[in-house]
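Coordinate inspection notes
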2 protein chains.
Amino acid sequence: MSEQATPTEPSGVGLVESQTVELFTAARPLALDSGASLGPVTLAYETYGELNAAHTNAVLICHALSGDAHVAGLHAGDERPGWWDGFIGPGRAIDTNHHFVLCSNVIGGCSGSTGPASIDPTTGKPYGLHFPMVTVADMVRAQAALLDHLGIRRLRSVIGGSVGGMQALQWALDFPERVESCVIIAATGRLSAQNIAFNAVSRQAIMTDPEFFDGRYQEHDAVPRRGLAVARMMAHITYLSEEGLQDKFGRALQDREHLSYGFDPDFAVESYLAYQGSKFVQRFDANTYLYFTKAMDYFDPFPDDPTATAALAPVECDFFVCSFSSDWRFQSSRSKELVRLLLRHRKHVAYQEFASSQGHDSFLLDVPAYKATLKTFLDRRAGILQ
Amino acid sequence: MSEQATPTEPSGVGLVESQTVELFTAARPLALDSGASLGPVTLAYETYGELNAAHTNAVLICHALSGDAHVAGLHAGDERPGWWDGFIGPGRAIDTNHHFVLCSNVIGGCSGSTGPASIDPTTGKPYGLHFPMVTVADMVRAQAALLDHLGIRRLRSVIGGSVGGMQALQWALDFPERVESCVIIAATGRLSAQNIAFNAVSRQAIMTDPEFFDGRYQEHDAVPRRGLAVARMMAHITYLSEEGLQDKFGRALQDREHLSYGFDPDFAVESYLAYQGSKFVQRFDANTYLYFTKAMDYFDPFPDDPTATAALAPVECDFFVCSFSSDWRFQSSRSKELVRLLLRHRKHVAYQEFASSQGHDSFLLDVPAYKATLKTFLDRRAGILQ
């Protein structure tokens with residue numbers, strides 16, 4: 001989440017505001033995969049560009065684990081634009097001259113949408129771990145209700161990277177009649193044992209922090225900072241490639257000429273990671289981290305061939321699947337597995353692996369061939385290119 | 001550390017005992033790379049086989065991060081043999097019919113040798129973080145004093161995997177006249193930024209545990225269990241390959257048929273990791289983990305070409321360097337870098353990459369070609385093979 005528009009690129013969407021809408025109520029709750037239900041449900045969302053009269057130009061962005069609805073532009077008073085600002089705006093890859101772009105903070109989130117930090121109406125206290133488990137399909141179901149609210153029947157495209165890519169795939173499966181095209185970036189059809197293992201250690205770090213209080217840390221005026229920082233630091237290593245880390249830091253020392261022979265950070269990479277951890281803790285809720293990682297673990301829309309056949313039968317959208325050469329969190333081989341599955345079921349699929357040394361984080365970064373290909377794919381959907 | 005002799009292999013070294021010896025005193029301390037000195041220094045060690053009359057058949061094993069001096073055989077009353085038992089004994093790869101095998105717990109350790117849990121003679125309390133920083137060269141210097149004590153002038157071979165391989169390399173550099181051959185397994189000449197990053201997160205997990213008490217947890221009758229368990233769980237993922245984890249666990253559920261929709265472990269890989277973490281905490285000291293990871297970070301015997309030339313000039317031993325195809329903690333490419341450096345300096349080097357799906361942990365496991373090649377190399381040194 002480090003890509004930022006630079007001052008030399010003033011052409012973005014400019015000042016933006018988040019909006020919120022209550023989509024489900026206690027009386028008319030959202031039904032969840034677990035069998036539980038959730039209400040009220042508020043979603044925070046942002047939109048950029050104009051919805052055309054026929055309501056046919058909507059592009060939905062699905063955010064990743066640490067993202068939120070603030071994809072592009074500046075909030076008043078902020079210096080940092082949204083997390084994918086360089087991709088969105090007039091003339092950019094996701095061109096707001098042609099598309100109506102929207103993104104919502106997913107349910108379970110901590111940036112304006114209903115999540116574990118919200119007040120449980122039955123107790124008057126924050127949900128904490130009494131928040132029901134939400135799956136990727138639940139997240140998508142809530143997004144579909146937002147589209148209903150906005151009068152959008154069909155999406156020109158649904159786009160996401162990482163767990164956002166899982167949401168995009170789920171959209172194509174669960175709402176085949178509402179999806180024209182689906183862009184799945186640096187994602188996978190299911191987590192591997194190693195993916196689950198890293199998530200499990202993250203959760204262990206958070207849940208064993210004494211400031212966690214069984215998820216009721218808000219009531220104790222506490223934050224499980226140490227555990228969340230450790231979780232983020234570890235995850236951050238997996239978002240970068242070995243090569244990228246080596247190029248950026250190598251064995252350079254941090255603000256010193258000689259080894260300290262002590263336990264302060266000696267190496268620049270140590271300071272960098274500690275900074276990433278402490279920064280994350282200021283903006284992200286630990287319980288949301290638990291819920292989102294669990295939703296990723298659970299995601300498995302095609303556990304076997306018969307379920308794949310059944311799930312894919314009604315799907316007619318155009319898929320664009322892409323991956324990055326140095327991504328080891330979700331390797332290209334995992335994207336190719338998904339592509340092969342889609343092809344076996346005679347779906348329309350384009351696939352591209354982009355060269356990048358930036359690992360999984362590449363999906364957020366200015367990799368020129370990636371940006372250009374995404375732009376071409378979406379411009380074509382808008383009828384700008386044939 | 002999971003390789004165990006099976007009941008069908010009763011031919012090992014049998015019952016063994018650890019011994020201890022005080023090698024340095026407060027009056028005659030061990031000089032350390034940091035400029036500090038350490039005394040008294042006790043080393044715990046084990047030996048298997050017989051030292052021949054000429055004292056020319058000694059093979060030194062250097063243990064890795066979580067290892068100790070108990071390499072082979074059974075301690076009275078124990079059911080589990082030493083950590084490399086399958087490799088050591090009459091007729092085995094490190095054949096005790098021909099070699100006198102020894103291993104010592106390194107300084108800074110927690111299994112009988114002087115380390116941060118030892119009593120600081122100047123305060124009468126455990127050292128904790130007042131224990132001086134020890135480097136790989138310091139560890140080796142203490143091992144050399146043990147050889148002096150045992151009357152061993154020259155080693156037939158020094159062998160180690162992972163940080164044990166770093167010690168083996170350091171032996172060849174610092175005591176060239178005392179090393180006939182050097183076996184460096186699944187190791188590297190220096191940690192990469194990613195390696196350092198994982199170590200840094202491990203230390204962060206331990207040092208931010210409220211039960212850490214600035215390293216004085218013994219005085220508080222506490223143990224930073226949570227942090228040490230998280231550190232171990234994370235490290236454990238890096239010791240295994242993605243493929244190995246996938247083959248062993250995949251997405252299998254643990255003792256359940258359906259997802260729990262809660263935060264208990266759903267997947268078998270989660271339970272496995274939690275078990276590894278809790279088991280490790282029972283046997284390993286958190287401060288030692290800090291010191292050993294820092295020693296690994298600092299290891300860099302050839303920061304540039306001139307130092308390599310100077311360090312390697314007097315070295316005459318035969319090197320055998322090996323790596324494992326699925327090891328991503330210390331990839332084969334890192335071993336090959338070391339091999340190229342040694343070759344450029346006209347050293348005698350054999351190198352082999354062994355196919356294994358078990359990742360970094362392969363060095364501890366029964367990979368038949370690896371075991372056979374190691375046996376051949378060592379049998380030749382003993383004059384059994386030509």
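Residues numbered from 1 in each chain as written. Chains lettered and ligands numbered in written order. Predicted model: local features only at pLDDT ≥ 70, side-chain atom pairs only at ≥ 80, totals over all residues.

Right, let's get into the overall build of chain A. Within chain A, the secondary structure is distributed over 10 helices and 14 strands. In terms of overall dimensions, chain A is globule-like: its C-alpha atoms have a radius of gyration of 21 Å, near the 21 Å expected for 386 residues. Overall size of chain A, expressed as C-alpha extent along the three principal axes, is 65 × 50 × 50 Å. When contacts within chain A are restricted to residue pairs at least 6 apart in sequence, long-range pairs at least 24 apart make up 71% of them. (Helix = DSSP H or I, 4+ residues; strand = E, 2+ residues; numbered from the N terminus. Rg over C-alpha atoms; globule rule 2.2 N^0.38 Å. Contact = placed C-beta atoms within 7 Å.)

Each copy superposes on the other: chain A lies on chain B with an RMSD of 0.0 Å after a rotation of 180° and an axial shift of 0.0 Å. Expressed as a symmetry operation, the mapping of one chain copy onto the other fits a two-fold axis. A shared binding surface is used by both copies, with 100% of the interface residues of chain A retained as interface residues in chain B. (Least-squares fit on C-alpha atoms with pLDDT ≥ 70 in both.)

The next point concerns the packing of helix 3 (residues 193-207) of chain A against helix 4 (residues 225-239) of chain B. Contact geometry for helix 3 of chain A and helix 4 of chain B: axes closest at 10 Å, N-to-C directions at 170°. In terms of orientation, helix 3 of chain A and helix 4 of chain B fall into the roughly antiparallel class. Residues A:Gln194, A:Ala197, A:Phe198, A:Val201, A:Gln204 and A:Ala205 of helix 3 of chain A form the contact with helix 4 of chain B, whose own contacting residues are B:Val230, B:Met233, B:Met234 and B:Ile237. Residues that form the contact of helix 3 of chain A with helix 4 of chain B fall into these classes: eight nonpolar, two polar and no charged. (Axes fitted to C-alpha atoms, helices over the stretch in contact; angles between N-to-C directions. Parallel < 35°, antiparallel > 145°, perpendicular 65-115°, else oblique. Nonpolar A, V, L, I, M, F, W, Y, C, P; charged D, E, K, R; others polar.)

Another point: the interface of chain A and chain B. Counting residues at the interface gives 44 residues for chain A, matched by 44 residues for chain B. Elements with a minimum of two residues in the side of chain A that touches chain B: helix 3, helix 4 (225-239), helix 5 (242-248), helix 6 (268-283) and helix 7 (286-298) of chain A. The element contributing the most residues to the side of chain A that touches chain B is helix 3 of chain A, with 11 residues. Its residues placed into classes, the side of chain A that touches chain B shows 27 nonpolar, eight polar and nine charged.

Strand pairing in a sheet relies on backbone hydrogen bonds. The paired strands run either parallel or antiparallel. Residues and elements named next belong to chain A. The strand order 1-4-8-5-11-12-13-14 describes an open sheet built from eight strands, whose pairing is mixed. Pairing within the sheet leaves two strands with one partner each, and these edge strands are strand 1 (19-24) and strand 14 (348-354). In this sheet, adjacent strand axes meet at a mean angle of 20° when their direction is disregarded. Where strand 13 (residues 318-324) and strand 14 come together, seven bridges link them in parallel fashion. Its bridge partner lying in strand 14, Phe 320 is registered against Ala 350. (Pairing = 2+ DSSP bridges.)

Our focus in this paragraph is the pairing of strand 11 (residues 157-161) of chain B. Residues and elements named next belong to chain B. Counted residue by residue, strand 11 has five buried out of five residues, so it is predominantly covered. Covered by surrounding structure in strand 11 are Ser 157, Ile 159 and Gly 161 together with Val 158 and Gly 160, the residues of both alternating faces. As defined by bridge partners, strand 5 (residues 58-62) adjoins strand 11 across four bridges and the pair is classed as parallel. From the neighbouring strand, Cys 62 faces strand 11, where its bridge partner is Gly 160. The pairing of strand 11 with strand 12 (residues 181-185) spans four bridges and is parallel. Residue pairing for strand 12: Ile 159 is matched across the bridge by Val 183. Crossover strand 11 to strand 12 through helix 2 (residues 163-174) is right-handed. (Buried ≥ 20, exposed ≤ 12 C-beta atoms within 10 Å, placed from the backbone. Right-handed = clockwise from strand over helix to strand, strands pointing away.)

All names here are of chain A. Splitting chain A by domain gives domain 1 (19-191 + 300-381) and domain 2 (207-290). Just the C-alpha atoms count here: the centres of domain 1 and domain 2 sit 27 Å apart. Across the contact, 19 residues belong to domain 1 and 16 residues belong to domain 2. Broken down by class, the residue content of the side of domain 1 that touches domain 2 amounts to six nonpolar, 10 polar and three charged. (Domains from an automatic or database assignment.)

The next subject is the nonpolar core. Residues A:Cys182, A:Val201, B:Cys182 and B:Val201 are the most contacted members of the largest nonpolar core, which totals 235 residues. Setting aside its immediate chain neighbours within four residues, A:Cys182 contacts A:Val158, A:Ala168, A:Leu169, A:Trp171, A:Ala172, A:Cys317 and A:Phe319. (Core = buried A, V, L, I, M, F, W, Y, C linked by C-beta atoms within 7 Å.)

Our focus in this paragraph is the sheet that holds strand 11 of chain B. Residue and element names in this part refer to chain B. Overall, mixed pairing links the eight strands, which are arranged 1-4-8-5-11-12-13-14 in an open sheet. Only two strands of the sheet have a single partner each, and these edge strands are strand 1 (19-24) and strand 14 (348-354). Looking at each pair of strands side by side, their axes are set apart by 20° on average, direction ignored. In the packing of helix 1 (residues 136-150) onto the sheet, the strands contacted are strand 1, strand 4 (41-48), strand 5 and strand 8 (100-104), and the crossing angle to strand 1 comes to about 105°.

Here we take up the confidence of the model for chain A. Residue and element names in this part refer to chain A. In the predicted model, chain A carries a mean pLDDT of 95, and the fraction of residues at 70 or more is 97%. Across residues 1-9, confidence stays below pLDDT 50; counting only partners more than four residues off in sequence or on other chains, it has 18 contacts. If you check the scores for this complex, the pTM reads 0.95 and the ipTM reads 0.94. (pLDDT = per-residue confidence, 0-100.)

This part takes up helix 3 (residues 193-207) of chain B. An ideal rise of 1.5 Å per residue puts 21 Å on 15 residues; helix 3 of chain B measures up with 20 Å between its terminal C-alpha atoms. Here helix 3 of chain B lies mainly inside the structure; 14 of its 15 residues are buried. (Expected span 1.5 Å × (residues − 1).)

For the rest of this paragraph, the subject is unusual backbone geometry. Trans is the prevailing form of peptide bonds, just as negative phi is the prevailing case for residues other than glycine. Residues and elements named next belong to chain A. The omega torsion across Gly 39 and Pro 40 is 0°, close enough to zero to call that bond cis. By the element assignment, Pro 40 lies in the loop between strand 3 (37-38) and strand 4 (41-48). Phi at Phe 213 is positive, roughly 50°, even though this residue is not glycine. Tracing the chain through its elements places Phe 213 in the loop between helix 3 and helix 4.

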